[in-house]
Each structure stands twice: as structure tokens, then as C-alpha cells.
Amino acid sequence: MQLVVARIGRAHGIKGEVTVEVRTDEPELRLGPGAVLATDPASVGPLTIETGRVHSGRLLLRFAGVADRTAAEALRNTLLIAEIDPEEVPEDPEEYYDHQLMDLDVVTVDGTEVGRIAEISHLPHQDLLIVRRPDGSEVMVPFVAEIVPEIDLEEQRAVIDPPPGLIDGAEAEVASGRSEQADGPGRAEEQRKTEDGG
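About the criteria used
- Residues numbered from 1 in each chain as written.
- Predicted model: local features only at pLDDT ≥ 70, side-chain atom pairs only at ≥ 80, totals over all residues.
- Heavy atoms only, no water.
- Salt bridge = Lys/Arg side-chain N within 4 Å of Asp/Glu carboxyl O.
- Helix = DSSP H or I, 4+ residues; strand = E, 2+ residues; numbered from the N terminus.
- Buried < 20%, exposed > 50% of the residue type's maximum accessible area, 1.4 Å probe, protein only.
- Pairing = 2+ DSSP bridges.

What about the pattern of salt bridges?
Should their charged atoms come close, side chains of opposite charge can pair.
And step 1. Here the structure, examined in full by the defined rule, presents six salt bridges.
And step 2. Between Arg 53 and Glu 17 there is a salt bridge, and its shortest N-O distance comes to 2.8 Å. Of the two residues, Arg 53 sits in strand E4 (residues 47-55) while Glu 17 sits in strand E2 (residues 17-22), which places them 36 residues apart along the sequence.
And step 3. With relative accessibility at 38%, the residue Arg 53 sits in the partly exposed group.
And step 4. Here Asp 105 and Arg 116 are joined by a salt bridge, their closest N and O atoms 3.0 Å apart. Of this pair, Asp 105 sits in strand E7 (residues 105-108) while Arg 116 sits in strand E8 (residues 113-122); the two residues are 11 residues apart in sequence, bridging distant segments of the chain.

Laid out in C-alpha cells, this is it:
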């Protein structure tokens with residue numbers, strides 16, 4: 001089982017160190033000296049971590065065989081991938097590996113079916129669950145506790161409490177329309193239907 005644990009950023013200094021954007025909640029386990037990581041693109045790796053340190057709140061790594069700034073800069077945007085046992089689970093009960101979340105049914109807190117998790121997108125500031133709707137469209141759900149209050153692996157289900165407009169784009173349009181401020185959301189909806197001939 002492969003797990004993306006970091007993305008390499010800029011070179012730091014002249015001795016081959018790079019900044020990394022950590023994508024694991026267990027960096028000390030996955031990104032420690034001696035760890036051998038696969039890469040995407042695969043042609044760059046595998047890379048062996050020689051040293052790691054935190055500088056100004058960022059993790060800096062140096063890899064075996066990467067001795068100068070030029071070699072470090074060539075690694076930029078490379079994804080670092082760890083091999084894990086599929087049965088392994090994170091130590092923190094609030095954390096999940098991507099493979100645990102894939103294909104979970106997504107329902108709202110009131111039980112409305114939304115779709116199924118098709119992908120997990122790791123952005124610098126938060127993760128997104130890419131949910132495929134029954135009609136084939138996709139919805140991006142920020143993977144934060146306020147919006148995803150429950151993950152039930154036994155039931156293979158993710159419960160979401162979406163803000164208005166997250167699931168239904170029409171709600172978002174109404175919320176941003178000027179008529180809502182003047183007349184309230186109900187009136188805006190009526191006006192929209194009238195304009196659309198509905």
C-alpha cells in the first residue's frame with residue numbers, strides 16, 4: 001500500500017537540503033533519517049533520507065546522493081511515497097489514511113445520500129474529499145471536523161454537515177445574489193424561478 005507523505009519544495013542553502021510540504025500526521029515515523037521513499041515521478045527515486053531538521057517551522061530534508069543546490073532544485077515538486085501495511089492504521093484515532101477513505105458512502109447529517117469518495121486531494125492548507133455524485137458530477141468537500149463530523153469505517157460511511165451551497169451549486173448562487181439581501185433567501189429563490197420561467 002502506498003501513501004503520499006510529502007511533496008518536495010524549494011532547495012534550501014547550498015548543501016542539498018530541500019523544504020518539504022508534509023502530508024502525513026506521522027512525519028517522525030515516515031520522514032526520519034534512513035527512510036527509503038518511492039517517488040512520483042518514479043524516475044527520480046527511490047530517495048533515502050540522510051538528515052532532517054526543522055528550520056523556521058519548516059521541515060528540511062537532505063537525501064543521500066543529493067549534495068548541492070542544483071541537485072536539490074531538480075527534485076522540486078516530487079512526491080515522496082511510503083510503503084505501508086494495508087492493515088496499519090494511524091496512531092491518532094482522528095486521522096485516516098487515503099485508502100481507508102476511498103469508496104466510503106457520503107451522507108449528510110440528516111441521512112441524505114450525496115455520493116461516494118472517489119479521491120482525496122492534499123492541498124497545502126487542508127485536504128479535500130472528492131465525492132462522486134450518482135449523476136457523475138463531483139463535489140469537493142473540505143476534510144475538516146466542522147464539515148465532516150463523522151467517519152464510520154465499520155459502516156463504510158462518511159457523514160458530512162455541508163454549509164449552504166457546498167453540495168448544491170444553486171444554493172450558492174442564491175446566497176451570493178443581491179436579491180437575497182433585499183428580500184431574504186426565499187424570495188430570491190422565487191425570483192430566480194420566475195426569471196428562469198420556472
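Some details on the pairing of E8
And step 1. Judged from the three bridges that link them, E7 and E8 form a sheet pairing that is antiparallel. When the bridges of E8 are listed, Val 107 appears paired with Glu 113.
And step 2. Hairpin connection between E7 and E8: a loop of four residues separates the two successive antiparallel strands, and Gly 111 in this loop has a positive phi of roughly 95°.
And step 3. Across six bridges, E8 lies against strand E9 (residues 127-132) in antiparallel orientation. From the neighbouring strand, Ile 117 faces E9, where its bridge partner is Val 131.

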